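Structural characterization, general
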2 protein chains.
Amino acid sequence: MSLIYVVGIGPGAYEKMTIEAAEALRSCDCIVGYTVYIDLVKDHFPGKEFLTTPMRKEVDRCVMAFEEAKKGKTVAMICSGDAGVYGMSGLMYEVGVNYPEVELKILPGVTAALGGGAVLGAPLIHDFCLISLSDLLTPWEKIEKRLLLASEADLSIVLYNPSSLKRHDYLQKACDLMMQHKSPDTVCGLVENIGRDGEAYKVMTLKKLRDTEVDMFTTVFIGNSQTKELSGKMVTPRGYKNV
Amino acid sequence: MSLIYVVGIGPGAYEKMTIEAAEALRSCDCIVGYTVYIDLVKDHFPGKEFLTTPMRKEVDRCVMAFEEAKKGKTVAMICSGDAGVYGMSGLMYEVGVNYPEVELKILPGVTAALGGGAVLGAPLIHDFCLISLSDLLTPWEKIEKRLLLASEADLSIVLYNPSSLKRHDYLQKACDLMMQHKSPDTVCGLVENIGRDGEAYKVMTLKKLRDTEVDMFTTVFIGNSQTKELSGKMVTPRGYKNV
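Just so it is clear, the model here is predicted, and its values are computed rather than measured. (Residues numbered from 1 in each chain as written. Chains lettered and ligands numbered in written order. Predicted model: local features only at pLDDT ≥ 70, side-chain atom pairs only at ≥ 80, totals over all residues. Heavy atoms only, no water.)

**A short note on the overall build of chain A**
In terms of helices and strands, chain A carries eight helices and 13 strands. Taking 18 Å as the expected radius of gyration for a compact globule of 243 residues, we find that chain A reaches 19 Å, a close match to that expectation. With respect to the principal axes defined by its C-alpha atoms, chain A has extents near 55 × 35 × 35 Å. Sequence separation of at least 24 residues holds for 69% of the intrachain contacts in chain A that already meet a minimum separation of 6. Carbon and sulfur atoms form 49% of the exposed surface of chain A, whose accessible area is close to 9,500 Å². (Helix = DSSP H or I, 4+ residues; strand = E, 2+ residues; numbered from the N terminus. Rg over C-alpha atoms; globule rule 2.2 N^0.38 Å. Contact = heavy atoms within 4.5 Å. Areas by Shrake-Rupley, 256 points an atom, 1.4 Å probe, with all protein chains shown as cover.)

**Some words on the relation of the copies chain A and chain B**
After a rotation of 180° and a shift along the axis of 0.0 Å, chain A superposes on chain B with an RMSD of 0.0 Å. Here the two chains are linked by the operation of a two-fold rotation axis. When the interface residues of chain A are mapped onto chain B, 100% of them again lie at the interface, so the same face is used by both copies. (Least-squares fit on C-alpha atoms with pLDDT ≥ 70 in both.)

**Describing helix 4 (residues 89-96) of chain B**
Along helix 4 of chain B, seven of the eight residues are buried, which leaves the element largely enclosed by surrounding structure. Looking at helix 4 of chain B, one finds that the buried residues are Ser89, Gly90, Leu91, Met92, Tyr93, Val95 and Gly96 of chain B. (Buried < 20%, exposed > 50% of the residue type's maximum accessible area, 1.4 Å probe, protein only.)

**With respect to unusual backbone geometry**
Residue and element names in this part refer to chain A. Of note, the phi angle at Asp154 is positive, near 55°, even though the residue is not glycine. For Asn193, which is not glycine, the phi torsion reads 50° and is therefore positive. By the secondary structure assignment, Asn193 is in the loop between strand 9 (187-192) and strand 10 (200-205).

**Digging into the nonpolar core**
Counting residues in each nonpolar core, the largest one holds 52 residues, and the members touching the most others are Leu159 and Leu209 of chain A together with Leu159 and Leu209 of chain B. When near neighbours in sequence (up to four residues on either side) are disregarded, Leu209 of chain A contacts Leu171, Cys175, Cys188, Leu190, Met204, Val220 and Ile222 of chain A. (Core = buried A, V, L, I, M, F, W, Y, C linked by side-chain atoms within 4.5 Å.)

**Quick notes on the environment of Pro184 of chain A**
Residue and element names in this part refer to chain A. The residue Pro184 is located in the loop between helix 7 (170-178) and strand 9 in this model. Relative accessible area serves as the criterion here: at 34%, Pro184 is assigned to the partly exposed category. Taking the C-alpha atoms as reference points, Pro184 and Thr205, 21 residues apart in sequence, are found 6.6 Å from one another. Beyond its immediate stretch of four places on either side in the chain, Pro184 contacts Met179, Thr205, Leu206 and Lys207.

**With respect to helix 5 (residues 112-120) of chain A**
All names here are of chain A. Judged by how many residues are buried, helix 5 sits mostly within the fold: eight of nine residues are covered. Buried within helix 5 are the following residues: Ala113, Leu114, Gly115, Gly116, Gly117, Ala118, Val119 and Leu120. Phi for Gly121, located one or two positions after helix 5, is positive at around 130°.

**Quick word on the sheet that holds strand 7 (residues 128-132) of chain A**
Here we have ten strands laid out as an open sheet, ordered 10(A)-9(A)-11(A)-8(A)-7(A)-7(B)-8(B)-11(B)-9(B)-10(B), and mixed in their pairing. Taken across any chain shown, the strands that pair with only one partner, and hence form the sheet edges, are strand 10 of chain A together with strand 10 (200-205) of chain B. Here the strands of the sheet are splayed against their neighbours by 15° on average, with no regard to which way each runs. Taken strand by strand, helix 5 of chain A contacts strand 7, strand 8 (156-160), strand 9, strand 10 and strand 11 (218-222) of chain A, and its axis lies near 70° from that of strand 11 of chain A. Across the sheet, helix 6 (residues 140-152) of chain B touches strand 7 (128-132) and strand 8 (156-160) of chain B, and the angle it forms with strand 7 of chain B is around 160°. (Pairing = 2+ DSSP bridges. Axes fitted to C-alpha atoms, helices over the stretch in contact; angles between N-to-C directions.)

**What about the state of the cysteines?**
Disulfide: a covalent bond connecting the sulfur atoms of a pair of cysteines. Residues and elements named next belong to chain B. Scanning all chains against the criterion turns up zero disulfides over all chains. Cysteine Cys79 shares no disulfide, and the gap to the nearest cysteine sulfur, in Cys62, comes to 8.5 Å. Residue Cys79 is classed as buried on the basis of its relative accessible area of 3%. With no disulfide partner, Cys175 has as its closest neighbouring cysteine sulfur the one in Cys188, 6.7 Å distant. (Disulfide = S-S within 2.5 Å.)

**Details of a nonpolar patch on the surface**
Residues and elements named next belong to chain A. A contiguous nonpolar surface patch, about 320 Å² in accessible area, is contributed by Met55, Met216 and Phe217. Counting through the fold element by element, Met216 comes out in the loop between helix 8 (206-210) and strand 11. Of the residues examined, Met216 reaches a relative accessible area of 49% and is grouped as partly exposed. (Patch = residues over 30% accessible without salt bridge, like charges linked within 9 Å, V, L, I, M, F, W, Y side chains within 5 Å. Salt bridge = Lys/Arg side-chain N within 4 Å of Asp/Glu carboxyl O.)

**Describing the packing of helix 6 (residues 140-152) of chain A against helix 7 of chain A**
Residues and elements named next belong to chain A. Axis separation between helix 6 and helix 7 bottoms out at 8 Å; the angle between their running directions is 40°. It follows that helix 6 is oblique to helix 7 by the angle criterion. Crossing handedness for the pair helix 6 and helix 7: right-handed. Here Trp140, Glu144, Leu147, Leu148 and Ser151 of helix 6 lie close against helix 7, whose contacting residues are Tyr170, Lys173, Ala174, Leu177 and Met178. Split by residue class, the contact of helix 6 with helix 7 holds seven nonpolar, one polar and two charged. (Parallel < 35°, antiparallel > 145°, perpendicular 65-115°, else oblique. Left-handed = near helix turned anticlockwise from the far one by under 90°. Nonpolar A, V, L, I, M, F, W, Y, C, P; charged D, E, K, R; others polar.)

**Some remarks on the pattern of salt bridges**
The full count for this structure, using the stated rule, is 26 salt bridges over all chains. As a salt-bridge pair, Arg146 of chain B and Asp154 of chain A come within 3.8 Å of each other at their nearest N and O atoms. Of this pair, Arg146 of chain B sits in helix 6 while Asp154 of chain A sits in the loop between helix 6 and strand 8, each in a different chain. For the pair formed by Arg146 of chain B and Asp154 of chain A, the shared burial category is buried. The salt bridge partner of Lys73 of chain B is Glu49 of chain B, with a shortest N-O separation of 3.0 Å. Residue Lys73 of chain B is found in the loop between helix 3 (58-70) and strand 4 (75-79), and its partner Glu49 of chain B is found in strand 3 (residues 49-53); the two are separated by 24 residues along the sequence. Given a relative accessible area of 31%, Glu49 of chain B falls into the partly exposed group. Among the charged side chains, a salt-bridge network with shared partners connects Glu49, Glu68, Lys71 and Lys73 of chain A.

Keep in mind these numbers describe shape, not what the thing actually does.
Okay, here's the thing in structure tokens:
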């Protein structure tokens, strides 16, 4: 039986990968991934065969991994963060229906919510949700509805894909929706280049966030009603009673 | 300046820890944590000083860590999963206000949602939320509201602390609430003992989950309207348009 590891490599820095992820990349024959992710790991795993496809060619990338595995190679498909959070593991199961002779093993990793949360302090101690602002595969109305209901539920919210060239005003729209239920003074934070060169963070109010420009390498955090700024960090308490 | 690492050790198995977490535990003088977590890591870090406090003595545990750091030791405070998800990093910042001379460095880890998701397949590919059913520090009405609104938002939902001796019917209550907005046929899953001996998973409908008993070492996953069972795994597609 052939084997494909689907590996979340974490935010980017080698040290933020799990031990089992590094072991899988060392033991495999061939590493498949989007060019940017291959560049992040390449130097740490010399002598491997590296195969890439451009962005948005995700199905091709999955087929490529299965075809290499069919030749008898052990393959690792890499994703940034966690392979199961806006990552490739779902598509690998879908494409994998055509390759019953290949086994998939998913190795989890540190997704941007956790990696960025650690940089900001402790924004996600209590209930929270992840919402992607990309409307490439999701109708914008669905995204709007989720932003409204998650805000009404007083969840902390992490926004993935908060911006792109075509969607420069989406974060502003999202903040306006969240402010229908969250106070404009809600403590928020953003982290750029988590675990990579140029890592930086800012803590600010939701009102201020609304008028802040972010790029596609930024992850955005919106607190719940209890979240506070403490020594410059973003901190959410464990609950709603005093500790 | 003294230093405390607040370290998420992942689900339990040494290999599921990040490389930087293992390095921090190797380089520190003293490891502080709840007894169960100390037992998980002890054999991998011989020669360290280990300090524990019982469950629910979290503030004492934080003070202990800061007092050891004040003596000039490098301290690691360990949590299972991620230190920032229902973990100790928030409380460490709160207690840390009294210890301005001690620096905190948070090292993220694989929380149960990600570790368990990898075992189940790919349940969290799209927007999701984490909700704890523990009403120890949160009013049950708040938990109910979140379950209802998250279900109405068609988010995938991961339930932490789904059960305890005193709360044996909470999962049943939660399922009834979620079924106000989610179909009884929604694909769900549960994972026991993630990354530890006895790891096991099941995929089932929400209706079936309602009548299933789980223990406190179980993490529960409820899909969104698109989640399907595929080759025995729980798989959520990337979006709402065809790939």
